[in-house]
Amino acid sequence: SQKIEQNSEALNIQEGKTATLTCNYTNYSPAYLQWYRQDPGRGPVFLLLIRENEKEKRKERLKVTFDTTLKQSLFHITASQPADSATYLCAGGGQAGTALIFGKGTTLSVSS
Amino acid sequence: EADIYQTPRYLVIGTGKKITLECSQTMGHDKMYWYQQDPGMELHLIHYSYGVNSTEKGDLSSESTVSRIRTEHFPLTLESARPSHTSQYLCASSEYKTGAQETQYFGPGTRLLVL
């Protein structure tokens with residue numbers, strides 16, 4: 001079955017460092033990948049979208065890559081801050097009208 | 001902050017009761033969704049709608065039903081709640097454009113506990 005897999009282990013880093021989160025997809029080729037942030041007790045909030053023909057996308061301190069050879073997306077937060085602590089979800093999309101497939105998310109904890 | 005609202009935010013109810021989870025959005029989005037999310041698990045799509053009078057079942061088998069009589073409103077109903085329905089329910093919406101990637105806007109969720 002089509003799957004989006006994220007590292008289930010929490011990522012703990014120090015303030016100021018770069019956090020790198022991994023998203024792997026299996027058994028399908030998403031036309032695009034999205035990254036969402038989810039805080040405890042809240043719904044996910046959209047952060048970035050990258051299409052399969054794009055290598056890299058940036059938005060402020062965020063950077064996402066899409067490697068169709070490795071079937072992987074990397075999500076980077078540079079100069080991380082304690083306020084970046086949250087769970088980050090990766091979601092894969094197909095053609096318009098098909099459902100997004102979400103990963104379980106990776107919890108990031110940034111300590112000061 | 002997205003203009004999508006869910007009520008109630010928390011609900012504790014006994015087995016066998018009928019419940020309706022409300023979801024409303026003011027963005028004029030055609031497409032709306034209901035997801036179920038358990039702690040540490042991925043979101044599972046249970047229902048979605050392309051617009052008024054359109055409802056579809058998602059990937060996760062669910063005993064719930066939905067309706068879409070107005071664009072802005074997409075309630076989810078459980079006719080007879082069971083402890084297995086205990087979960088967080090997330091509503092989302094998106095613009096529906098042919099060929100376009102769909103960014104979804106989520107509500108805050110309803111946390112349901114069935115005793």
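Residues numbered from 1 in each chain as written. Chains lettered and ligands numbered in written order. Predicted model: local features only at pLDDT ≥ 70, side-chain atom pairs only at ≥ 80, totals over all residues. Heavy atoms only, no water.

1. Comments concerning empty space enclosed by the protein
In this approach, a probe sized like a water molecule rolls over the atoms, and the result shows the empty space that is left. Residues and elements named next belong to chain B. Under the definition given, this model contains 1 cavity of 30 Å³ or more. By volume, the largest cavity is sized at about 60 Å³. Elements represented by at least two residues in the lining of the largest cavity include exactly strand 4 (31-37) and strand 5 (44-49). (1 Å grid on protein atoms, 1.4 Å probe; cavity = no way out; pocket = protein on both sides within 12 Å on 5 of 7 lines; lining within 4 Å. Points joined across faces, edges and corners; volume = space filled by probe spheres on them. Helix = DSSP H or I, 4+ residues; strand = E, 2+ residues; numbered from the N terminus.)

2. A few points about the packing of aromatic side chains
Given two aromatic rings, one states the distance between the centres and the angle between the planes to describe the pair. All names here are of chain A. All told, the structure shown has 12 aromatic pairs over all chains when counted by the stated rule. An angle of 50° between the planes, with centres 5.7 Å apart, marks the rings of Tyr36 and Phe102 as tilted. One end of the pair, Tyr36, is in strand 4 (residues 32-38); the other, Phe102, is in strand 10 (residues 101-102), and 66 residues separate them in sequence. Judged on exposure class, the residue Tyr36 and its partner Phe102 are both buried. (Phe/Tyr/Trp six-rings, centres within 6.5 Å; stacked < 30°, edge-to-face > 60°. Buried < 20%, exposed > 50% of the residue type's maximum accessible area, 1.4 Å probe, protein only.)

3. Focus on the interface of chain B and chain A
Each partner contributes to the interface: chain B provides 26 residues, whereas chain A provides 19 residues. Interface area for chain B against chain A, summed over the two sides, is near 1,800 Å², with a carbon-plus-sulfur share of 51%. Where chain B packs against chain A, one counts 0 salt bridges. The interface formed by chain B and chain A holds 3 residue pairs in polar contact (both at pLDDT 80 or more) in total. Sorting the residues of the side of chain B that touches chain A by element identifies strand 4 and strand 9 (87-94) of chain B as the ones contributing at least two each. By residue number, the principal contributor to the side of chain B that touches chain A is strand 4 of chain B, which donates 3 residues. For the side of chain B that touches chain A, the per-class residue count stands at 10 nonpolar, 9 polar and 7 charged. (Contact = heavy atoms within 4.5 Å. Buried area = accessible area lost by both parts, 1.4 Å probe. Salt bridge = Lys/Arg side-chain N within 4 Å of Asp/Glu carboxyl O. Polar contact = N/O pair within 3.5 Å; in protein donor to acceptor, adjacent residues only side chain to side chain. Nonpolar A, V, L, I, M, F, W, Y, C, P; charged D, E, K, R; others polar.)

4. Brief notes about a nonpolar patch on the surface
Side chains of Val12, Leu113 and Leu115 of chain B sit close together on the surface and give an oily, nonpolar patch of about 290 Å² of accessible area. Within the element layout of this structure, Leu115 of chain B appears in the segment after strand 11 (110-114). (Patch = residues over 30% accessible without salt bridge, like charges linked within 9 Å, V, L, I, M, F, W, Y side chains within 5 Å. Areas by Shrake-Rupley, 256 points an atom, 1.4 Å probe, with all protein chains shown as cover.)

5. Here we look at the nonpolar core
If you look at the biggest cluster of nonpolar residues, it comprises 23 residues, and the most contacted ones within it are Ile4, Leu33, Trp35, Phe75, Ile77, Tyr88 and Leu108 of chain A. Sort the elements by how many residues they give to this core and strand 3 (residues 19-26) of chain A lands first, with 4 residues. (Core = buried A, V, L, I, M, F, W, Y, C linked by side-chain atoms within 4.5 Å.)

6. Section: the sheet that holds strand 7 (residues 65-66) of chain B
Ordered in space as 1-3-8-7 (chain B), the 4 strands form an open sheet in which the pairing is antiparallel. Edge positions in the sheet fall to strand 1 (4-7) and strand 7 of chain B, since each has one partner strand and no second. (Pairing = 2+ DSSP bridges.)

7. Regarding the pattern of salt bridges
Counted by the stated rule, this structure contains 9 salt bridges over all chains. One salt bridge in this structure joins Arg51 of chain A and Glu54 of chain A, with 3.6 Å as the shortest N-O distance. Across the salt bridge formed by Lys18 of chain B and Glu79 of chain B, the nearest N and O atoms sit 4.0 Å from each other. With a gap of 61 residues between them, Lys18 of chain B in the loop between strand 2 (10-13) and strand 3 (19-25) and Glu79 of chain B in the loop between strand 8 (76-78) and strand 9 connect regions that are remote in the sequence. The class for Lys18 of chain B is exposed, based on a relative accessible area of 54%.

8. Details of the side chain of Thr77 of chain B
Structurally, Thr77 of chain B can be placed in strand 8. What Thr77 of chain B contacts, discounting residues up to four positions off in sequence, is Lys18, Ile19, Thr20, Ser64 and Thr65 of chain B.

9. Quick look at the pairing of strand 3 of chain B
Here is the key point about a regular strand: its side chains alternate between the two faces of the sheet. All names here are of chain B. Along strand 3, the buried face is formed by Ile19, Leu21, Cys23 and Gln25; none of Thr20, Glu22 and Ser24, which line the opposite face, is buried. Where strand 3 and strand 8 come together, 3 bridges link them in antiparallel fashion. Bridging across to strand 8, Ile19 finds its partner in Leu78.

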